[in-house]
Each structure stands twice: as C-alpha cells, then as structure tokens.
Amino acid sequence: MQIETKLEYPNIQKDVVQENHLLLRFRTPPNPKVAERKPLVIGLAIDKSWSMKGDKMEAVIEASSALVNWLTRNDSVAIIAYSADVQLIQPITHLTEKISVTDKIRNIQVATSTNLSGGWLTTLKALVSAKVPNAYKRVLLLTDGNPTLGIKEKESLVQIAKDHQTLGVSTTTIGVGNDFNEEMLVEIAKAGGGNFYYIENPESASDIFFEEFGDIGALYAQAIDIEVNFAPGVKLKNLLSEHSYQVSEEFDEFSGDAKNLSHQKLNIQFGDLRSDDIRSLVLGLEIDGNLVQNDKHLFGVNVSYYNLLQNNQLETIQSSSNVSLDKSKGKQDPDVLVEILISNATSGIKKISEFVKHGHLDEAKSLLFTLISDINTNKHFSPNALGSVLGRLQALEAKISERSVDLGKQIYKNSQMFVRGSESFDTKNTNVHDEIFTYQTIGDIDLYKCPEIKLLMEEKIAEGFRYAIFDFTSTFHIDSSAIGTIIQIVGWLRKRGGELVVSNIHDSVKKVFEITRLYNHIRVAENQELAKEVLMRLIYANSGDKA
C-alpha cells in the first residue's frame with residue numbers, strides 16, 4: 001500500500017492562525033502475483049417473507065445461485081432463509097460441489113412475517129463457528145421489509161453488527177423494493193464493516209451480487225488504523241468523512257511550558273480496502289503559524305493494517321510533511337479541492353436525507369443545487385471522478401423533482417456509493433491510450449494459470465492499455481478461479497474507462513458463462529473482429545463524452 005499526503009495550500013504563513021485541509025490518499029496494488037486469494041466464508045441470510053413472493057424472490061434466488069458459482073472450491077458458504085421461522089437451507093460447506101447447493105437455493109419457498117434478527121443471528125453464528133483458517137467472513141443480509149418478529153430496535157441490531165465485526169464477521173445489507181427501512185440497513189452495514197445496496201427492481205439483483213462479489217473477492221487490507229501526529233499549533237477542526245476517530249492531547253512531561261509543547265494525536269478507523277483501489281481522507285486543520293515555525297515536521301502519519309493477501313501479515317507505512325513557511329499560503333492544490341468537493345457531496349447528501357425525511361423538499365433542492373453548481377464549476381480539474389459524482393447528484397435532483405416514492409432509498413444508495421469511493425480513476429496524469437490489446441489464451445485457465453494472466457494484464461494497464469480482447473480459441477475449460485480473475489480484470493479496466501470483451505468461446509466455456517450468469521456482466525463476441533467492433537464503438541462513444 002502507498003500513502004500520499006497533500007495540503008490544500010502548500011505554505012504556512014508566519015504569525016497567522018490559518019485554516020487548511022490535509023489530504024491523505026491510499027493506493028493499493030493489484031497484487032496479481034498472489035497465487036491464491038484468502039478463502040471466503042459467505043453467509044446468505046435471505047428474507048422469504050410473503051412480500052418477497054414472485055419476481056423479487058426469483059431474482060434473488062438466481063443472483064444467489066450465481067454468487068455460489070463464482071466462489072471457488074477453497075471458499076465456503078452457509079445459507080439461511082427466514083420468515084416467521086428460520087430455515088437452515090445449507091450448513092457451512094466447502095464448495096467442492098455446487099449443484100446441490102444451488103438446487104437447495106432454488107427450492108426456497110416464501111412464508112409469513114419477517115424475523116430478520118433470527119435469520120441474521122443464525123447466519124452470524126454459523127460463520128463465527130466455521131473452522132476455516134485464514135478466512136474472510138461476511139454475511140449478506142437481504143430483506144424487503146421491516147422486522148416484524150424478534151429484535152426490532154435499530155440500536156440493538158446495530159450493536160449486533162458491531163459485536164460480530166469485532167469477532168471477524170462483517171455484514172453487508174441489501175434492501176429490496178420500497179418497504180424496508182433504509183436508515184436501519186445503512187447503520188447495520190456501517191457498524192458491521194460491510195456495504196449497503198438497494199435493489200430497485202428484480203433485474204438489478206444480479207448486478208448487486210456481482211458488485212459485492214467483486215468487492216469481497218478483491219480485498220487487500222483489513223482493520224486499517226491511521227495515526228496522525230500533529231506538530232504543536234496544528235489542531236483538527238473536522239474530518240470530512242463518517243469514519244470513527246479519536247483525538248487526544250499529548251504533552252511533553254519534561255517541558256516547563258506544556259501549553260506550547262502539547263500536540264494532538266488523531267486515530268482513525270479506516271475499515272478495509274480492496275486491491276487496485278484508491279481511497280481518500282480529508283482533514284480540516286487549524287494551524288498557528290507562530291507555533292509551527294519551530295518544528296521540522298507539520299505532521300507524521302503511521303498506518304497499520306493486516307494484508308489479506310500475505311496471510312494476514314501486519315504491515316505498517318509512514319509519511320510526514322516538512323513545514324514550509326512563507327508570506328503567502330500559495331496556490332490551492334486542485335487535487336485536494338476535488339476531494340473536498342466529493343467529501344462535501346457525501347456529507348451534503350446526508351443533510352439532504354434529513355430534509356427529505358422531515359418533508360423539507362425546498363431546502364433539500366437548494367442544498368443539492370449548491371452541490372451541483374460547485375462540482376460543475378470545478379469539473380475540469382477531474383472529469384472522471386467529479387463527472388461520476390455530478391451524474392449521481394443530477395439523477396437525485398430528478399428524483400426529488402418528481403417526488404419519487406423511493407426517494408429516501410435513492411439518497412442512501414448514493415451516499416453509500418460516495419463513501420465507497422469513486423467508481424473510476426482519473427487518468428489525466430497517466431499515459432492511457434485507446435489501442436486495443438488482444439490476448440490469445442493458451443490452454444485451460446485454472447487456479448495455477450490465473451496469476452500469470454493477472455500479471456500480464458497489470459503490465460499492459462501500466463503501459464496505458466484499458467481496452468482488451470480475450471480470445472478463448474485455445475481454451476476449452478475455465479474454473480471458478482478463472483471466473484474471479486476475469487471479474488477482477490474487468491473491474492481494473494472499467495475503473496480506467498475501458499472494457500474487456502471475450503471472444504471465440506467454445507460450448508464448454510459457454511456453459512460455464514451460462515451457469516454463472518457472466519453473460520449479464522461481461523461482454524462476449526462471437527469472434528475477434530466482432531469484439532473489436534464492440535470496443536471501437538465504445539471508444540468512439542467515450543471520445544464523444546470527452547468532447
């Protein structure tokens with residue numbers, strides 16, 4: 001992992017108490033050289049109450065079955081369905097054989113009521129007790145309504161999520177339809193170290209599960225703890241994010257003037273990070289130019305985390321910044337400004353949700369207009385990242401204007417997407433191009449072949465490629481490790497504004513694509529020429545967007 005630090009204004013003015021912002025940016029490597037990722041233990045807690053009947057249940061069953069098929073034989077799964085009762089569909093099992101597991105999922109039948117806590121706690125218990133060494137454990141809690149039986153209080157449910165997170169089991173929440181409590185599910189996911197998703201319609205269920213699999217299948221660092229030691233005269237005003245943090249004041253016990261030599265220490269619990277990811281934190285600071293001029297460093301940063309791809313090895317990185325004194329504070333760093341705007345959008349959406357909750361739509365519209373205006377004004381600094389945020393804010397504006405019935409859920413959905421970070425990397429500072437890389441696979445693709453393919457693609461991405469064709473003419477079999485690799489490579493390319501197309505797949509590989517529903521998420525062409533046509537159309541469309 002790499003850490004980058006930047007101040008919004010590079011210079012500290014002497015004899016002035018001033019405000020500034022500090023950007024901490026964390027970048028993780030793709031790590032394609034790792035032969036085998038950490039095993040996953042996934043628990044599916046599926047709401048089978050009567051309101052799930054029909055298209056909703058069918059879509060969830062299909063998405064759950066696809067998720068099972070994406071996992072490898074090194075992974076494990078437990079499946080619980082709940083209504084008034086709690087039904088153990090599948091005890092914890094290694095996925096050496098998947099057909100019987102997916103058959104059990106397909107036999108889930110709807111019943112009555114919603115004993116959410118019963119189903120969730122049963123799933124959590126199964127994962128806590130699972131004896132799988134060095135595993136990452138996560139529950140996917142899915143519901144389309146409010147709890148009607150068992151524990152119903154939000155505070156108690158959030159505490160359950162927090163307690164089990166400390167035991168090494170995280171929770172992702174997935175809301176379906178328009179009748180669930182989005183605030184409750186968001187708080188559970190936040191306390192449980194997972195994600196929150198909103199399935200707006202049955203057709204989007206598969207996309208949600210695909211995104212979640214991409215998230216947990218590419219985890220790199222867990223339990224990230226950030227410690228920032230400020231020089232005397234530097235104080236934290238605010239943290240532009242919702243991460244938990246603590247501030248303490250430390251003194252030099254040998255000093256006769258403790259007031260001047262005291263300094264703040266900030267600890268931030270940053271959660272987890274995926275491979276090939278960029279996440280940022282912005283800290284609002286108050287700096288006394290009189291006090292810092294006697295110090296060598298303005299701040300020092302120490303980061304510790306468990307590397308999930310290196311057998312949970314505890315690793316640390318450090319960074320610091322020298323004090324730069326000047327009469328002028330210097331030019332504003334546009335990179336820091338962009339992150340401030342994204343952070344403001346995240347916190348702004350939270351305020352908008354409160355306005356909407358209390359029926360103050362005019363105030364919500366006014367704040368949203370301000371956020372959109374600020375981002376529009378500065379979009380040229382970061383077209384990809386700010387463009388993505390702008391698109392979501394404008395979609396939210398339309399929802400507010402039409403007084404959509406799912407407005408509250410849309411707001412929470414967008415706020416959580418901002419928290420998870422930008423959907424794409426800005427490539428203005430890298431030498432990306434629109435040439436197409438074609439990879440002719442050699443033989444079958446399995447666990448042992450995957451690291452070689454990932455390493456090759458990492459090298460090509462470093463060379464600026466973001467459009468690729470995989471020609472499967474010589475491949476007659478792919479296993480679930482290959483599926484995970486393809487999903488990961490698709491993620492790498494799409495983050496950079498590119499795409500992957502798979503071509504010339506034989507019937508045996510087509511069958512795998514059908515079973516795993518990869519056709520819904522990955523582009524497939526009959527041959528290389530048609531694959532190239534698909535990419536050329538995308539390149540042309542993307543060039544129009546840039547214009």
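Computed from a predicted structure; not experimentally measured.

Caption draft 1: Summary view of the pattern of salt bridges. Scanning the entire structure with this criterion turns up 29 salt bridges. Here Arg 138 and Asp 215 are joined by a salt bridge, their closest N and O atoms 3.3 Å apart. With a gap of 77 residues between them, Arg 138 in strand E7 (residues 136-143) and Asp 215 in helix H6 (residues 205-216) connect regions that are remote in the sequence. Across the salt bridge formed by Arg 494 and Glu 499, the nearest N and O atoms sit 3.1 Å from each other. The partly exposed category is assigned to Arg 494, whose relative accessible area is 31%. A single salt-bridge network, built from bridges that share partners, covers Glu 4, Lys 6, Arg 25, Asp 333, Asp 335 and Glu 339.

Caption draft 2: Here's a closer look at the sheet that holds strand E13 (residues 263-274). The strand order across the open sheet formed by 5 strands is E12-E13-E10-E15-E16, and the pairing between neighbours is antiparallel. Across the chains shown, the open sheet's two edge strands, defined by having one partner strand only, are strand E12 (244-250) and strand E16 (313-322). The sheet shows a mean angle of 20° between the axes of neighbouring strands, taken without regard to direction. One ladder, built from 8 bridges, connects strand E10 (residues 219-230) with strand E15 (residues 297-307); its direction is antiparallel. Bridging from a neighbouring strand, Glu 227 pairs with Asn 302 of E15.

Caption draft 3: Structural context of the sheet that holds strand E1 (residues 2-7). Strand order in the open sheet made by the 4 strands is E1-E3-E14-E11, with antiparallel pairing throughout. Bordering the open sheet on either side are E1 and strand E11 (234-239), each of which pairs with just one other strand. For this sheet the average axis-to-axis angle between neighbouring strands, irrespective of direction, equals 30°. Across 11 bridges, strand E3 (residues 17-27) lies against strand E14 (residues 278-288) in antiparallel orientation. Bridged to Phe 26 within E14 is Arg 279. Each of E1, E3 and E14 touches helix H9 (residues 334-357); the most contacted strand, E3, lies at about 85° to it.

Conventions we followed
- Residues numbered from 1 in each chain as written.
- Predicted model: local features only at pLDDT ≥ 70, side-chain atom pairs only at ≥ 80, totals over all residues.
- Heavy atoms only, no water.
- Salt bridge = Lys/Arg side-chain N within 4 Å of Asp/Glu carboxyl O.
- Helix = DSSP H or I, 4+ residues; strand = E, 2+ residues; numbered from the N terminus.
- Buried < 20%, exposed > 50% of the residue type's maximum accessible area, 1.4 Å probe, protein only.
- Pairing = 2+ DSSP bridges.
- Axes fitted to C-alpha atoms, helices over the stretch in contact; angles between N-to-C directions.
- Contact = heavy atoms within 4.5 Å.

Any functional reading would require information that these geometric values do not contain.
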